[in-house]
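Architecture at a glance
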Amino acid sequence: MKMRTTTRLIFWCFLSLGAVTTFAQQDAQYTQYMYNTMSVNPAYAGSRGQLSLAALYRSQWVGLEGSPKTFTLNLHSPIRNSRVGYGISVVNDNIGDGVVQETNIDAVVSYTIDVSQEAKLSFGLKGGGNLLSLDFSGLLKYQDELVDADNIDNKFTPNFGLGVYYHTDRFYAGLSAPNLLESKHFNNSAGSENNFLSVDRINFYMITGYVFDLNSELKFKPALLTKVVSGAPLQLDMSGTFLYNEKFSFGAAYRWDAALSALLGFQLNEQLMIGLAYDRETTELGGTRFNDGSIELFLRWELVKSYGRLVSPRFF
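Residues numbered from 1 in each chain as written. Predicted model: local features only at pLDDT ≥ 70, side-chain atom pairs only at ≥ 80, totals over all residues. Heavy atoms only, no water.

1. Some points on the pattern of salt bridges
Any two side chains of opposite charge can pair, given that their charged atoms come close. Inspection of every chain in the model, using the stated rule, returns 11 salt bridges. Residue Glu296 is joined to Arg58 by a salt bridge in which the shortest nitrogen-to-oxygen separation is 2.7 Å. Residue Glu296 is found in strand β17 (residues 294-303), and its partner Arg58 is found in strand β1 (residues 51-59); the two are separated by 238 residues along the sequence. The pair Glu296 / Arg58 is uniform in exposure class, with both members buried. (Salt bridge = Lys/Arg side-chain N within 4 Å of Asp/Glu carboxyl O. Helix = DSSP H or I, 4+ residues; strand = E, 2+ residues; numbered from the N terminus. Buried < 20%, exposed > 50% of the residue type's maximum accessible area, 1.4 Å probe, protein only.)

Right under this line is the structure:
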């Protein structure tokens, strides 16, 4: 059993990094993407009409030693009496209890125009970079042989991304490519037996959703996130969420050929919201005794103060 766990972990580590050129590195995935939009689309910055701070923690495959863990922190706001929004995004991935550490830090700016009296169109740009650390000696925790390669210590790779985001008080849709540079993270000497190579591929996102009023107290929002990246299967995340009395949200999500999820959220007051999501794999991995599913915790704090033209509903 220990050998099976070890083999899978090593495979996930190097698949995440794109250990050979045929593998495409993908951005981090989220079940509560509907509350974490700025991580995938810079045009979202400032669209909520107030200073918004959101944090999300995801523990993948709970119970499996060394499984991936992701922490995301976003801060964004409109600039008063202008059409400009700004923000900062930080995403940290940890695989193998520190064997792989990857951090993306980006600054974001957006510009919004009025398409009609109710509809707005925002354009976003983000720029920053990636810090990658890889401790090959740490793999000894999961295998018997030492990989003959130099460790990587906070190697910086610059990148930038673009996005567009259309929204009314009920509907939203966005297209984005958060990282446009296909950067090579590391490549050992040619001819080496362990010639590891990690290449970032461009991830394209399409996100959309619509809010229905079922009655005076209950709203329903179906949402869709589509991700396309070269060398990897098409990813579709579909969700349906109810919002009761502007306070309590609950729903379910499905990641195509991958996982089923349950979602809960609580608007504690005008400023503070918490959310929880639980994923269960629908693949063979979901039936193993080492995998208890994946968990996400979400927290959002907002300085509730309208800046007029950029205000959008709390439900997205």
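That shown, we press on.
2. Considerations on the side chain of Gln60
Mapped onto the fold, Gln60 is located in the loop between β1 and β2 (69-78). Exposure remark for Gln60: the relative accessible area of 9% places this residue in the buried category. Within polar-contact distance, the side chain of Gln60 engages the side chain of Arg58 at 2.7 Å. (Polar contact = N/O pair within 3.5 Å; in protein donor to acceptor, adjacent residues only side chain to side chain.)

3. Some points on the packing of aromatic side chains
The final tally for this structure, using the stated rule, is 12 aromatic pairs. A centroid spacing of 6.0 Å and a plane angle of 65 degrees characterise the contact between Tyr254 and Trp256, whose relative ring orientation is edge-to-face. Owing to a relative accessible area of 25%, Tyr254 belongs among the partly exposed residues under this scheme. Owing to a relative accessible area of 47%, Trp256 belongs among the partly exposed residues under this scheme. (Phe/Tyr/Trp six-rings, centres within 6.5 Å; stacked < 30°, edge-to-face > 60°.)

4. Overview of the nonpolar core
With 29 residues, the main nonpolar core has Tyr33, Met34, Tyr35, Tyr165, Tyr172 and Phe298 as its most contacted residues. Those elements that provide at least two residues to this core are β1, β10 (203-210), β12 (218-229) and β16 (272-281). In this structure, Val99, Leu132, Phe136 and Ile152 belong to the second largest nonpolar core, which totals seven residues. (Core = buried A, V, L, I, M, F, W, Y, C linked by side-chain atoms within 4.5 Å.)

5. As for unusual backbone geometry
One non-glycine residue, Trp61, lies in positive phi territory at about 55 degrees. Turning to its location among the elements, Trp61 is positioned in the loop between β1 and β2. Overall, the relative accessible area of 11% leaves Trp61 in the buried class. With a phi close to 50 degrees, Asn154 is a non-glycine residue in the positive phi region. Counting through the fold element by element, Asn154 comes out in strand β6 (residues 152-167).

6. Remarks on the pairing of β17
The two faces of β17 differ: Ser294, Glu296, Phe298, Arg300 and Glu302 on one face are buried, but Ile295, Leu297, Leu299, Trp301 and Leu303 on the other face are not. Strand direction decides the pairing type here: β1 and β17, joined by nine bridges, are antiparallel. Considered in β17, the bridge of Leu56 is made with Phe298. The sheet contact formed by β16 and β17 spans eight bridges and is antiparallel. Bridge pairing links Asp279 to Ser294 in β17. (Pairing = 2+ DSSP bridges.)

7. Observations regarding the pairing of β6
In the sheet, strand β5 (residues 120-134) pairs with β6 via 14 bridges, with the strands oriented antiparallel. By the bridge assignment, Gly127 is partnered in β6 with Phe160. Looking at chain direction, β6 and strand β7 (residues 171-177) are connected through six bridges and run antiparallel. Following the sheet pairing, Leu162 is matched in β7 by Ala177. Where β6 folds back onto β7 in an antiparallel hairpin, the turn is made up of three residues.

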